[in-house]
Amino acid sequence: MFIFNTVDEIREFVRSVRASGQKIGFVPTMGYLHEGHLELMRWAKRHCDIVVISIFVNPTQFGPQEDFDKYPRDLERDAQMAESVGVDAIFKPSVAEMYPSGYCTYVDVERITEKLCGQSRPGHFRGVATVVTKLFNIINPDQAFFGQKDAQQALVIRRMVADLNMSMEVVTVPTVREPDGLAMSSRNVYLTPEQRQAALVLRKGLRIAEDAVAAGQRDTFAIRQLVVDTIVAEPLAEIDYVDIYSYPELEPVTKMSGPVLLALAVKIGRTRLIDNIILGVGDKCS
Ligand code: PAF
């Protein structure tokens, strides 16, 4: 497995792979890999000949009060994990390589970025769309793989790829969960054992909504309220948002007549966790 730090090096690698007619799968990450990332890489390996991942903690998608500085980083561990699932190359640029002095170009996806995480993290999706565009331009993959745990991010990337006529396919991979149901996230390492237990309330909220829909409930206000009541009963949890939108359009919806996205962002102590489920399609959150 190769590790490249510069745009020129990874481009050279990609050029040689392309010249031999091989299909490139790409998994962008911010590192501190977990089973959720490995699943994206396994999917990429199954669908493509060569798998490239990026490891880049992207400063432009973090707000000033967010955890950019303390975001966990461990290249040696990440490289071992990536190699264990057959990744062929890691692109790990520095911040200066991606945003050299004088940098001033950004990608803004409108409307669907104005709600959910876009509302509580202003500028977040502008940073994501910008870095992903740059990574796509550098790596030029045939397919790129994103986790459903970041449901809004996956929709934003799909929208951007369609709107900007980018010639690759975006593949969304189901959320990977710990055995007790907590969605895998690099930020789970911030949780104390007590907070880790309290964090299960996210999955509990999704389950309660799923059960209500299975029992015939279609009123999104009532479903949302059940989830809110479940989460506020956990003393360590503080709701950032609990929202329901039509899926994949992300339009407001009062009565379910098709698939909807129930998305949550909840702070457990200082750690903000997100999770979601698509209701109305027989999806399961366990
Ligand atoms: O999902 C992430 O880890 C990041 O938002 C991404 C897609 C790697 C862009 O920095």
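Residues numbered from 1 in each chain as written. Predicted model: local features only at pLDDT ≥ 70, side-chain atom pairs only at ≥ 80, totals over all residues. Heavy atoms only, no water.

*Asks:* I keep staring at the overall build of the protein chain and nothing clicks. Help me out?
*Replies:* A tally of regular secondary structure across the protein chain gives 10 helices and 9 strands. Computed over the C-alpha atoms, the radius of gyration of the protein chain is 19 Å, within 12% of the 19 Å expected from 2.2 N^0.38 for a compact globule of 286 residues. Principal-axis analysis of the C-alpha atoms places the extent of the protein chain at approximately 55 × 40 × 40 Å. Considering the protein chain as a whole, with its 286 residues, one finds that 55% of them fall into the buried category. Across the protein chain, the fraction of contacts at a sequence separation of at least 24, relative to all contacts at a separation of at least 6, is 72%. (Helix = DSSP H or I, 4+ residues; strand = E, 2+ residues; numbered from the N terminus. Rg over C-alpha atoms; globule rule 2.2 N^0.38 Å. Buried < 20%, exposed > 50% of the residue type's maximum accessible area, 1.4 Å probe, protein only. Contact = heavy atoms within 4.5 Å.)

*Asks:* Honestly, the packing of helix 6 (residues 124-139) against helix 7 (residues 151-163) in this entry has me stumped. Any pointers?
*Replies:* The angle between the axes and the distance between the axes are what describe a pair of packed helices. Contact pair helix 6 / helix 7: the axes reach a minimum separation of 11 Å and the direction vectors enclose 55°. Considering their axes alone, helix 6 and helix 7 lie oblique with respect to each other. Note on packing geometry: the crossing formed by helix 6 with helix 7 is right-handed. Across the interface between the two elements, Phe125, Val128, Ala129, Val132, Thr133 and Phe136 from helix 6 touch Gln152, Gln153, Val156, Ile157, Met160 and Val161 from helix 7. Tallied by class, residues from the contact of helix 6 with helix 7 come to 9 nonpolar, 3 polar and no charged. (Axes fitted to C-alpha atoms, helices over the stretch in contact; angles between N-to-C directions. Parallel < 35°, antiparallel > 145°, perpendicular 65-115°, else oblique. Left-handed = near helix turned anticlockwise from the far one by under 90°. Nonpolar A, V, L, I, M, F, W, Y, C, P; charged D, E, K, R; others polar.)

*Asks:* Which parts of the structure should I look at to understand the pattern of salt bridges?
*Replies:* Pairing between side chains of opposite charge can happen when their charged atoms approach one another. Evaluated as defined, the whole model comprises 13 salt bridges. Note that Arg187 and Asp67 form a salt bridge whose closest N and O atoms lie 2.8 Å from each other. Here Arg187 is found in the loop between strand 6 (169-173) and helix 8 (193-198), whereas its partner Asp67 is found in the loop between strand 3 (50-55) and helix 3 (75-84), with 120 residues between them in sequence. Of the two residues examined, Arg187 and Asp67, each falls in the buried class. In this structure, Asp108 engages Arg126 in a salt bridge whose closest nitrogen and oxygen atoms are separated by 3.6 Å. Remark: Arg126 occurs in helix 6 and Asp108 occurs in the loop between helix 4 (95-98) and helix 5 (116-120); sequence separation between them is 18 residues. (Salt bridge = Lys/Arg side-chain N within 4 Å of Asp/Glu carboxyl O.)

*Asks:* I'm lost on helix 6 in this one. Help?
*Replies:* Note that an α-helix has 3.6 residues per turn; residues three or four places apart therefore point the same way. Between its first and last C-alpha, helix 6 extends 22 Å over 16 residues, near the 22 Å set by a 1.5 Å rise per residue. By the criterion of burial, helix 6 is predominantly enclosed, with 14 of the 16 residues buried. Count one or two residues on from helix 6 and you reach Asn140, which has phi positive near 50°. (Expected span 1.5 Å × (residues − 1).)

*Asks:* What's the story with the sheet that holds strand 4 (residues 89-91) in this structure? I'm lost.
*Replies:* Strand-to-strand pairing in sheets goes through backbone hydrogen bonds, with the strands running parallel or antiparallel. One open sheet holds the 6 strands; their spatial order is 1-4-3-2-5-6, and the pairing between them is parallel. Every interior strand has two partners, whereas the edge strands, strand 1 (2-4) and strand 6, have only one. In this sheet, adjacent strand axes meet at a mean angle of 25° when their direction is disregarded. Seen against the sheet, helix 3 touches strand 1, strand 3 and strand 4 and runs at an angle of roughly 160° to strand 3. Here helix 6 sits on the sheet in contact with strand 2 (24-29), strand 3, strand 4 and strand 5 (143-147), set at roughly 150° to strand 2. (Pairing = 2+ DSSP bridges.)

*Asks:* Could you clarify how one ought to interpret the side chain of Arg121 in this entry?
*Replies:* Looking at where Arg121 falls in the secondary structure, it is placed in the loop between helix 5 and helix 6. Arg121 sits in the buried class, given a relative accessible area of 10%. Leaving out residues up to four positions away in the same chain, Arg121 has contacts with Gln61, Phe62, Glu66, Arg187 and Arg272.

*Asks:* Would you mind going over the packing of helix 9 (residues 200-214) against helix 10 (residues 220-232) with me for this structure?
*Replies:* Direction vectors running N to C along helix 9 and helix 10 enclose 150°, while the axes themselves pass 9 Å from each other. Taken together, the axis directions place helix 9 and helix 10 in an arrangement best described as roughly antiparallel. Crossing geometry of helix 9 relative to helix 10 is assigned as right-handed. Residues Val201, Lys204, Gly205, Ile208, Ala209, Ala212 and Val213 of helix 9 form the contact with helix 10, whose own contacting residues are Ile223, Leu226, Val227, Thr230 and Ile231. Considered class by class, the residues forming the contact of helix 9 with helix 10 number 9 nonpolar, 2 polar and 1 charged.

*Asks:* Hey, could you run me through the site of the ligand in this one?
*Replies:* Contacts to the ligand come from Pro28, Thr29, Met30, Asn58, Gln61, Val128, Val131, Phe146 and Gln153. Note that an oxygen atom of the ligand is positioned 2.6 Å from one of the side-chain N or O atoms of Gln61. Contact between the ligand and Gln153: an oxygen atom at 2.7 Å from a side-chain N or O atom of the residue. Burial of the ligand by the protein amounts to 88% of the accessible area it has alone, namely 290 Å². (Near = heavy atom within 4 Å. Polar contact = N/O pair within 3.5 Å; in protein donor to acceptor, adjacent residues only side chain to side chain. Areas by Shrake-Rupley, 256 points an atom, 1.4 Å probe, with all protein chains shown as cover.)

*Asks:* Explain the packing of aromatic side chains here, please?
*Replies:* Where two aromatic rings form a pair, the distance of their centres and the angle of their planes describe that pair. In this structure the tally under the stated criterion is 10 aromatic pairs. With a centroid separation of 5.6 Å and 15° between ring planes, the pair formed by Phe2 and Phe4 is classed as stacked. Given the relative accessible area of 13%, Phe4 is considered buried. Note on Tyr99 and Tyr103: the rings are 5.0 Å apart at their centroids and 90° apart in plane angle, and the pair reads as edge-to-face. Aromatic rings pair up to connect Phe56, Tyr99, Tyr103 and Tyr106 into one cluster. Between the NZ or CZ atom of Arg73 and the centre of the ring of Phe68, over which it lies, the distance is 5.0 Å. The lysine or arginine in question, Arg126, covers the ring of Tyr106, its NZ or CZ lying 4.1 Å from the ring centre. (Phe/Tyr/Trp six-rings, centres within 6.5 Å; stacked < 30°, edge-to-face > 60°. Lys NZ or Arg CZ within 6 Å of the ring centre and 35° of its normal.)

From the geometry alone we can't say anything about function, so treat these as descriptive.
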